[in-house]
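Structural description and commentary
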Amino acid sequence: MDPTRHRLRAAAVMSAAALAATAVTGCASAPDPGTVTVLNSATDSLEHAQEQKFFDLCAKPLGVRVRQTSVPADQVASKALRMASSHSLTDILELDGSEVPQFAATGGLVPVRKAGVDVSGMSKSAVTMGSYRGTQYGVARAVNSLALIYNKDLLSRAGLKPPTTWDELKRTAKKLTHGSTFGMAFSATPDADGVYQFLPFFWSAGGDEAHLDDGKGAPALQLWKDLVAGKAASSAVVTWNQQDVNDQFIAGRAAMMINGPWQVPVLDQHKGLHWAVAPIPVPNAGDPVVPPIGGTVMTIPQTRDTGRQHTAAKIINCLNEQHNQVAWGESVNNVPTMTAAAAQYARQNPKLAAFASEVATARSRTDRVGARWPVVSDALSGAFQSVLTGGASPRAALKQAQARATAGE
Amino acid sequence: MTITATGAATAGTRPPAERTTGGRGRGGGLLRWCFVAPAVLYMLAFFGYPLVRNILMSFQHYTPRTYFTGSSPFNGLGNWRAVFSDPLFTGSLWHTLVFTAGSLLGQFVIGLALAVFFSRRFRLSGFARAVLLLPWLVPMVVTSIVWRKLLDQDTGVINTVLTGLHLASGPVPWLSSPGVALLSAILVNVWIGIPFNMVILYGGLQEIPRDLHEAAALDGAGAWRTFRSVTLPMLRPVVTVVLVLGFMSTVKILDLILALTAGGPADATQTLGTVTYRLSFEQLDFGQGAVVGNVLIAVSAVFAVLYLRANRADFGRGK
Amino acid sequence: MRHTSAPRRHGNTVIAVVILVILLFPLYWMVNIALQPGEGLASTDWFPVDAGLGNFRRALSSQGGSLATSLVVALGAVVVCLALAAPAAYGLARFGLRGSRTIVFGTLITQMVPGIVVANALYSAYVDLHLVNSVLGLILADASLGLPFSLVLLRAFMVSIPREVVEAALVDGANRFTAFVRIVLPMSRNALITSGLFTFLFAWSDFMFALTLNTTDDVKPVTLSMYEYIGAHVSDWGAVMATAVVSAVPAAILLVLAQKYVAAGISGGSVK
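Note on numbering: residues in each chain are counted from 1, in written sequence order. Starting at A for chains and at 1 for ligands, labels are handed out in the order in which the entities are written. The model is predicted, so local features are restricted to residues of pLDDT at least 70 and side-chain atom pairs to those at 80 or more, both for listing and for counting; the totals for chains, interfaces and linings are taken over all residues. Working from all heavy atoms in the structure, the side-chain values ignore hydrogens and water.

Right, let's get into the overall build of chain B. Only DSSP runs of H or I reaching four residues or more are called helices, and only runs of E reaching two or more are called strands; each is numbered from the N terminus. Looking only at helices and strands, chain B features 14 helices and zero strands. Along chain B, helices and strands appear, N-terminal first, in the series α-α-α-α-α-α-α-α-α-α-α-α-α-α. When the 319 residues of chain B are sorted by exposure, 57% land in the buried category. Here the Shrake-Rupley method, with its probe set to 1.4 Å, supplies the accessible areas, and only the displayed protein chains count as covering residues. Taken as a whole, chain B presents about 13000 Å² of accessible surface, with 66% of it coming from carbon and sulfur. Accessible area is worked out with a 1.4 Å probe on protein chains only. A residue is then buried under 20% of its type maximum, exposed over 50%, and partly exposed in between.

Here it is, written out as structure tokens:
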């Protein structure tokens, strides 16, 4: 016997099979009827365990088990697509809210009502976040937004109150800047973080993501530019993600920052740090604050088996009962989406009440542009990056951004 | 990831007896192919098939819907036109070339200098050589995180040292200025690439017969002349290896830049790699992503062929 | 060089130390952050004055299983890679097969295909072959990272093995295969070790295949686990750096041990 022959044959079979596989995709092994599968981004072991606890709670009465697969957040979408191509998509797919339109547009998601999910009592903004073209495909248990978080000690020492308008913001930030401390910190990275932080300023100025070049968003760019040019914020903001911003704030290198409620556990670990939350300043006194809404939503992928879809829907319904929403919201420091649950949450967590009240009216990123959001988001980040680094004026940058956002049409 | 060259330079120094021809007859062909076939089939499956698939994909309308329905209609040159008309693409092509040229130059010059230096005999030489390989072992994602901290404009150690020693008037905006960021990325990549260059060039230096150096010294050549007219020509096949491989791994770089700057600020560090990533994994337009991927492969192929021609190095002679 | 004077040798040692300090500073910084008990948020001390191993303890407890997986996968990849590359390299070096040149140039081409392109294409094939979520699947994929390198390195090395040695064995009645196993392989020891080592390192640091070819947590190498850890603990710099140090240690030990073979294998391969 010649061992090489064996090896040869094995390799030939293997590669032939690999090539044939491109022609006939599909035929994944039949899913186990007693197990409901979930794809999410809970890679942190504590968060994973927490998720599992709620899943178990809701799956037990139905006589099924839940198995989670968790991948890093930026990999969920591509992993889901890969699974879809092999017909092995999970029963519940937890996407970032901004990814829903792209998936819904493929026809691969089931409208949640059709599957039997009860969404009554949910805030309008939460419904919008999970919707595409008027149909709801995703259910958020808890959502987040952004606010102004400030260092109480630094502000009171300077005799300052948290700013409410853009002019106050610039003045206050300037006064708080000395030594190695900047008055203000925000994230302006060319990715989802930076865009998320830019939106409340862009929107409250009247900016429209579908018409970036209508001139209304330019003052928001000017504000960011003024903060950096006036040295009230570090020019390194173009490299800071929201985590970096939080680090700067904790280290006392920023007196105020824009950030979200998910930072609370980290902030709370630092006993010497006294902080409070205020609404994000608006262009003029009395203007409405328009914060963005963010978070993950549970969707039900289209499978041939409607029975499994109904089971998934039942689990989602259970997860969204008021007490479960409140408990979940508290565990991840996000605000529940049921109006009643949010009220209870605000009562129990007074420090986060500011976030709780704003998410009810917060705006969804994909509401206006739908599945085009990733392209628009890219264009928008290009605009603030080039303005902050001195490459373009606000108006010119937005004009360029609009061209970039509509190039494919 | 090394490919080897048989260079004209060393061929001359080999005894001619080595160049036997043919082998024993042409019989027994099947058994001989049994040696080669498994590896060839494996490479066809693991590289050939993906390559072909990527080329096809660049002519298809390949979107998230494709993954659900399996349908990906051909759209001719549509993807190619869209990519080539995007100013971001032209910019990224340029950045890629600058980044690659800068990285290779830095890695090679420093790697060669270290290889020559460590060819001397002194205490710690062997130990130092071994330890210098360590940067190679740290996963890229961690390397970038550490460097992001080192290069931080306000709190980074590098700026602290530079301003402390009055070498810089103020903090250098390493990653936050479009004019500097690409340079910083090159700097980090040079650091990553030094060990590989040093090891291979060091190996090459050890092969150069010592008496050649001594002969040159007897002829009155100085150290620099000896290096230029004896060492470098002898080293040429190894240089080919280092540069060709370096080029191919540098030109497609993605993770380093993604973690270091995410392509910013103001797209100053967008490269073909990051644009592919953006198109395929953020905008989920896999057809256009495939176009950029193909451009990457084409750039590498053109470079490899040109370089090998110019240096008359021959990959794959070997009888 | 043999006549270098003692002061000059000491001078060289000093220069070498300076080079080490500069080039290894980023690594020192990594360890420094890992040893400091705080979270290294925005400023780090120059030296870990009150060093603690708390970060390392946390890192080990979260990465222990993944380290074992990485070890199995990387070693498996080395075996597969050498089993494919060694005979092929010999065949290409010695048999005068038609198309040898094309094959060697083809291996060069493989280096140009971006990893993500390979990973994406493999996924769908793997699903049908039931290789997703399997150690075997990952081993097969990771072997591809070292195969081109090993093939060319070994081929170059085997070209330099005197033909007469093998011919003598053939005359003695051995067939080509036994001659290959008994004579060629032992003589190529250095090059085999070098190829194996490089393949090990490539497989050890693979992230792309680990991410794409697994859909559950059953097979999770240390790179993937670390990436996830970093994603979830971005603000806990100390723990992240400790994790990174821990993940590099096994490979570092191996590299230092095999260092002399690396130089020998490479020089033997690339110049001949």
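Past the structure itself, the notes keep going.
For the rest of this paragraph, the subject is empty space enclosed by the protein. Using a probe with the size of a water molecule, rolled over the atoms, empty space left in the structure can be pinpointed. In this analysis, the protein atoms alone were mapped onto a 1 Å grid. Cavities are point sets where a 1.4 Å probe fits without being able to get out; pockets are open sets with protein on both sides within 12 Å along at least five of seven lines; lining residues have an atom within 4 Å of a point. Grid points are joined across faces, edges and corners, and a volume is the space filled by probe spheres set on the points. As enumerated under the stated definition, the model contains seven cavities of 30 Å³ or more in all. In this structure, the second largest cavity spans a volume of roughly 70 Å³. Lining the second largest cavity are 13 residues, with S70 and V71 of chain A together with N214, T216 and L224 of chain C sitting closest to its centre. For the lining of the second largest cavity, the elements supplying multiple residues, two or more each, are strand 2 (65-70) of chain A together with helix 9 (208-212) and helix 10 (222-232) of chain C. Just so you know the grouping, Ala, Val, Leu, Ile, Met, Phe, Trp, Tyr, Cys and Pro go in nonpolar, Asp, Glu, Lys and Arg go in charged, and all remaining residues, Gly too, go in polar. By residue class, the composition of the lining of the second largest cavity is four nonpolar, five polar and four charged.

With that out of the way, let us pick up the sheet that holds strand 13 (residues 296-299) of chain A. Residues and elements named next belong to chain A. By the convention used here, strands pair only if DSSP detects at least 2 bridges between them. The mixed open sheet is built from five strands, whose spatial order is 2-1-3-13-6. This sheet does not close on itself; its edge strands, each paired only once, are strand 2 and strand 6 (138-139). Where strand 6 and strand 13 come together, two bridges link them in antiparallel fashion. Directly across from V139, in strand 13, lies its bridge partner M298. The strands touched by helix 2 (residues 45-59) within the sheet are strand 1 (35-40), strand 2, strand 3 (92-96) and strand 13, with strand 2 carrying the most contacts at an inclination of about 155°. Residues count as neighbours in contact if any of their non-hydrogen atoms are within 4.5 Å of one another. The angle between two axes is taken between their N-to-C directions and runs from 0 to 180 degrees, where each axis is a line fitted to C-alpha atoms and a helix contributes only its stretch in contact. The strands touched by helix 13 (residues 306-319) within the sheet are strand 1, strand 2, strand 3, strand 6 and strand 13, with strand 1 carrying the most contacts at an inclination of about 65°.

For P283 of chain A, the location among the structural elements is in the loop between strand 11 (275-278) and strand 12 (292-293). Contacts of P283 of chain A, omitting those with residues within four sequence positions, involve T165, W166, S204 and A205 of chain A.

On to the packing of helix 7 (residues 140-150) of chain B against helix 1 (residues 6-35) of chain C. Between helix 7 of chain B and helix 1 of chain C, the least distance of the axes is 10 Å, while the angle of their chain directions is 90°. With respect to helix 1 of chain C, the element helix 7 of chain B is oriented roughly perpendicular. Touching V142, V146, W147, K149 and L150 of chain B of helix 7 of chain B are F25, P26, W29, M30 and I33 of chain C, all from helix 1 of chain C. Tallied by class, residues from the contact of helix 7 of chain B with helix 1 of chain C come to nine nonpolar, no polar and one charged. By definition in this entry, angles of less than 35 degrees are roughly parallel, angles greater than 145 are roughly antiparallel, angles of 65 to 115 are roughly perpendicular, and the rest are oblique.

Another point: the nonpolar core. One recurring pattern in soluble globular proteins is that nonpolar side chains are buried together. Here, the term nonpolar core denotes a set of buried Ala, Val, Leu, Ile, Met, Phe, Trp, Tyr and Cys residues that are joined through side-chain atoms within 4.5 Å. Among the nonpolar cores identified, the biggest contains 287 residues, and M184, F186 and M256 of chain A together with F118 of chain B are the most heavily contacted of them. When residues in this core are grouped by element, the largest group, 18 residues, is from helix 2 (residues 54-94) of chain C. One finds V64, V66, A142 and I300 of chain A within the second-largest nonpolar core, a separate group that totals 30 residues.

Let's shift gears to the confidence of the model for chain C. One rule of thumb: low pLDDT means the predicted coordinates there are not for detailed reading. On average, residues of chain C carry a pLDDT of 81, and 89% of them reach 70 or more. Every residue gets a pLDDT, meaning the predictor's confidence in that residue, from 0 to 100. Confidence, expressed as mean pLDDT per element, reaches its minimum in chain C at helix 12 (residues 259-271) of chain C with 59 and its maximum at helix 5 (residues 135-159) of chain C with 89.

For the rest of this paragraph, the subject is the packing of aromatic side chains. Here a pair means two rings of Phe, Tyr or Trp (six-membered ring of Trp) with centres within 6.5 Å. Their orientation is stacked below 30 degrees between planes, edge-to-face above 60, and tilted elsewhere. Per the counting criterion, the structure on display carries 38 aromatic pairs over all chains. When the ring of W147 of chain B is compared with that of W191 of chain B, the centres are 5.6 Å apart and the planes differ by 65°; the resulting orientation is edge-to-face. Of this pair, W147 of chain B sits in helix 7 while W191 of chain B sits in helix 9 (residues 178-207), and the two are 44 residues apart along the sequence. An aromatic cluster of three or more residues is present, and its members are W166, F186, F198, F201, F202, W224 and F384 of chain A. Should the NZ of a Lys or the CZ of an Arg lie within 6 Å of a ring centre and within 35 degrees of the ring normal, that charge is described as sitting over the ring. Against the face of Y123 of chain C rests R82 of chain A, its NZ or CZ located 5.9 Å from the ring centre.

For the rest of this paragraph, the subject is the side chain of T181 of chain A. All names here are of chain A. Assignment of secondary structure puts T181 in the loop between helix 8 (166-176) and strand 9 (182-185). What makes T181 buried here is its relative accessible area of 14%. Excluding residues within four positions of it along the chain, T181 makes contact with L154, L176, G252, R253, A254 and A255.

What follows is about the state of the cysteines. Residue and element names in this part refer to chain A. When two cysteine sulfur atoms lie within 2.5 Å, the pair is treated as a disulfide. Throughout the structure, instances matching the rule amount to one disulfide over all chains. The partner cysteine of C58 in its disulfide is C318, sulfur to sulfur 2.0 Å. Here C58 and C318 share a disulfide; its torsion about the S-S bond, -75°, makes the bridge left-handed. Highlighted residues: C58 in helix 2 and C318 in helix 13, separated in sequence by 260 residues.

What follows deals with the interface of chain B and chain C. Counting residues at the interface gives 93 residues for chain B, matched by 100 residues for chain C. When a carboxyl oxygen of Asp or Glu is within 4 Å of a side-chain nitrogen of Lys or Arg, the pair counts as a salt bridge. Taken together, chain B and chain C are joined by zero salt bridges. For this analysis, a polar contact is any N or O atom pair within 3.5 Å, provided that within protein one partner can donate a hydrogen and the other can accept it, and provided that sequence-adjacent residues contribute only side-chain to side-chain pairs. Counting the contacts that link chain B with chain C gives seven residue pairs in polar contact (both at pLDDT 80 or more). When its residues are assigned to classes, the side of chain B that touches chain C shows 61 nonpolar, 14 polar and 18 charged.

All names here are of chain B. Listed under "transmembrane region" (unreviewed entry) in the UniProt record, and renumbered for this structure, are residues 30-52, 93-118, 130-147, 180-202, 238-266 and 286-308. The span residues 93-118 shows a helical share of 100% and a strand share of 0%, and its end C-alpha atoms are spaced 37 Å apart. As a span, residues 180-202 carries 100% helix and 0% strand, and end to end its C-alpha atoms are 32 Å apart. UniProt positions are given in the numbering used here, feature names are shortened, and annotations may be inferred rather than shown by experiment.

The subject of this paragraph is the side chain of T226 of chain B. Turning to its location among the elements, T226 of chain B is positioned in helix 11 (residues 223-251). Beyond its immediate sequence surroundings of up to four residues, T226 of chain B is in contact with H213, A216, A221 and T231 of chain B.

For the rest of this paragraph, the subject is the environment of K175 of chain A. All names here are of chain A. Mapped onto the elements of the fold, K175 is located in helix 8. Looking at K175, the relative accessible area reads 52%, which means it is exposed. Through-space distance from the C-alpha of K175 to that of L155 is 9.5 Å; in sequence the pair is 20 residues apart.

Right, let's talk about the pairing of strand 8 (residues 147-151) of chain A for a bit. Residues and elements named next belong to chain A. The element strand 8 is extensively covered by neighbouring structure, given that five of its five residues are classed as buried. Neither face of strand 8 is open: one carries A147, I149 and N151, the other L148 and Y150, and all of them are buried. Where strand 8 lies against strand 10 (residues 254-259), four bridges are found, and the strand directions are antiparallel. Each residue of the ladder has a partner; that of A147, found in strand 10, is N259. Two elements, strand 8 and strand 11, share four bridges in a ladder whose sense is antiparallel. Looking at the pairing, Y150 lines up with A276 of strand 11.

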